[in-house]
Amino acid sequence: MKKCILFGVLAVASALASAQSTQKPGHAAIASAHKLATEAGFEALAQGGNAFDAAVAVAAALSVVEPQSSGIGGGGLFLLHQASDSKDIMIDARETAPAAVDAKQYLDAKGDLDQDKSWNGPSAAAIPGEVAGLVWIAQHYGKLPLSKSLAPAMRIAREGFQPDARFLDAISERSEVIKRYPASAALYLDHGVAPRTGWTFVNPDIARTLELIAAQGNDGFYRGQFAQRLVDGINAAGGNWSLKDLSDYQAKEREPLAFDYRGWHIVTAPPPSSGGIVLAEMLNILGGYDLAKVDRAHRIHLIVESMRRGYRDRAAYLGDPDFVQMPIAELTSPLYAAGLRASIHPDKATPSDLLPGYLNAAERPHTTHFSIIDADGNLVAATQTVNLSLGDALVVPGTGFVMNDEMDDFALKAGTPNAFGLVGNEANAPKAGRRPLSSMTPTFVIGADRIGVIGTPGGSRIITMVLEGILAFIDGELPAQIVANPRYHHQYLPDVVSAESGAFSKDEVKALEAMGHKVNESSHPWGFMNVVSWDRKSGKLYAGSDSRRASGSGVVK
Ligand code: GLY
């Protein structure tokens, strides 16, 4: 790789101060997974709200129109930038394990992981965090009362809408589990069978639940009669929750992870997401190369080798920061990255053979990401989830939403892959009150003249998709192009470069194979990236919603 130029040190961002000056966009951009959710965000802005009110409106609307991916039975990570004081904040609304959690309950008689228990029904559900996150954002950063920011979601739920193919496919795929629970079947099935195109989905129960939250904040969900309803419903189905599990739940405000990459400032998710740390490791490794001067096959090789090393450390070290000591400073240090970089052969793949097996799951329509810039330059990157498609598929009667199946994001059996093929150890073991390790990676990319807000769903591939999005943004691509680019991924185990079709040319595949990489093209599209950006020189805003998905909506106005 003759053209590859190594730089000894990272360029430090000098851009940040000027990027956060007083200039304002004067208008707004929102990109989300659904047109109705994007419109809900603009409705909140039109009511006098800011980006944070818009985020509450978009998140709540997604609970109604895209419940297969996220919702008030799940959780999320909300990265905020407040323009008035240039403050970056992460609201951690990740779910927590209930006090009665017992790792043995997820094992079968042979001691193997029983995925029915970690994917479906009450044992799969962790205590939801989404509502506490939205209430926190509204109370501390928004300008509107929840009655206004939640109003579009309540209206859509009451009036009904026609679900898109992704939603209908998710119901069809999960229908056998949905049928186990009468309230789930009543909500999602049409006369007992998976609904078809043209079906109108009306959900007055979730509208009533949102009304309670609007009137009482956290108390309307985590305490009193509603909390009792949740506990009764989960326990009647065979779970083991207590009122205290719900009343103890707290969203947490955390300092985002921030680092520099070749003159750009990256602000992203700290633990309990693995996303920021793995992203920092990958970009710190890549910061020592001038990727623009490397031929494409070697560029892919270097990026894949950085992915391999970042994901190895994810499996080894990461978990809930409130419970686990993690070597974050070391993992995110440029010196550590320099050591990893030295282990990369310029023309040969490094074999990953240290950890056992892998389940190569097709991607399901789980998790969702939205990005917002408002007229004042406030930013929101939010990734929220119920974990797998339609979460655990259990609707507690009278609530109108599915619970998450986030317990599967714990390392329920050390070294055994979860639904995303990710392995972990004691650092991510299920313990009472712990947050399971996430891959959600909501991110800001800040340069002297351009700011990008990036994120995507996609399970274990979230972090590598965000990496590729950041590199494309830095190369000057606009959101519409960034979200359309074909993607590739390596997660240490299995030792394979997986790729969307079209990601590599035939010659690139040959070159990668000659370097020792195993390349596996996937027939399924990945992710659902939603990106907004602000070009401060021209004053223009841009929004791009993944062109792989029909329902996505990126709007500037
Ligand atoms: N539930 C997927 C994630 O948080 O990574």
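Each remark here, short or long, concerns the structure printed above.
Residues numbered from 1 in each chain as written. Predicted model: local features only at pLDDT ≥ 70, side-chain atom pairs only at ≥ 80, totals over all residues. Heavy atoms only, no water.

Colleague: Describe the environment of alanine 227, with residues and values.
Modeller: Relative to the assigned elements, alanine 227 resides in helix α13 (residues 224-236). Considering only alpha carbons, one finds alanine 227 and lysine 244, 17 residues apart in sequence, at a separation of 9.5 Å. Apart from the residues within four sequence positions on either side, alanine 227 is in contact with Phe221, Tyr222, Leu243 and Leu246. (Helix = DSSP H or I, 4+ residues; strand = E, 2+ residues; numbered from the N terminus. Contact = heavy atoms within 4.5 Å.)

Colleague: So what's going on with the sheet that holds strand β15 (residues 540-545)? Residues and values would help.
Modeller: Ordered in space as β5-β6-β9-β10-β14-β15, the six strands form an open sheet in which the pairing is antiparallel. Edge strands, defined here as strands with exactly one partner in the open sheet, are β5 (257-261) and β15. Taken pair by pair, the neighbouring strands of this sheet meet at an average axis angle of 15 degrees, ignoring direction. Pairing geometry for strand β14 (residues 530-535) and β15, over six bridges, is antiparallel. From the neighbouring strand, asparagine 530 faces β15, where its bridge partner is serine 545. Relative to β5, helix α15 (residues 275-286) is tilted by about 15 degrees, and along the sheet it contacts β5, β6 (264-268) and β9 (443-446). With respect to the sheet, helix α19 (residues 462-474) is in contact with β5, β6, β9, β10 (450-454) and β14, its orientation differing from that of β10 by roughly 160 degrees. (Pairing = 2+ DSSP bridges. Axes fitted to C-alpha atoms, helices over the stretch in contact; angles between N-to-C directions.)

Colleague: Break down the site of the ligand for me, citing the residues and quoting the values.
Modeller: Taken together, Arg94, Thr385, Asn387, Glu406, Asp409, Phe420, Ser438, Ser439 and Met440 make up the full set of residues near the ligand. Within the side chain of asparagine 387, an N or O atom sits 2.8 Å from a nitrogen atom of the ligand. Contact distances for the ligand include 2.6 Å between a nitrogen atom and a side-chain N or O atom of aspartate 409. The fraction of the free accessible surface of the ligand (200 Å²) that becomes covered by protein chains is 99%. Each residue belonging to the shell around the ligand can be placed in one class, and the counts come to two nonpolar, four polar and three charged. (Near = heavy atom within 4 Å. Polar contact = N/O pair within 3.5 Å; in protein donor to acceptor, adjacent residues only side chain to side chain. Areas by Shrake-Rupley, 256 points an atom, 1.4 Å probe, with all protein chains shown as cover. Nonpolar A, V, L, I, M, F, W, Y, C, P; charged D, E, K, R; others polar.)

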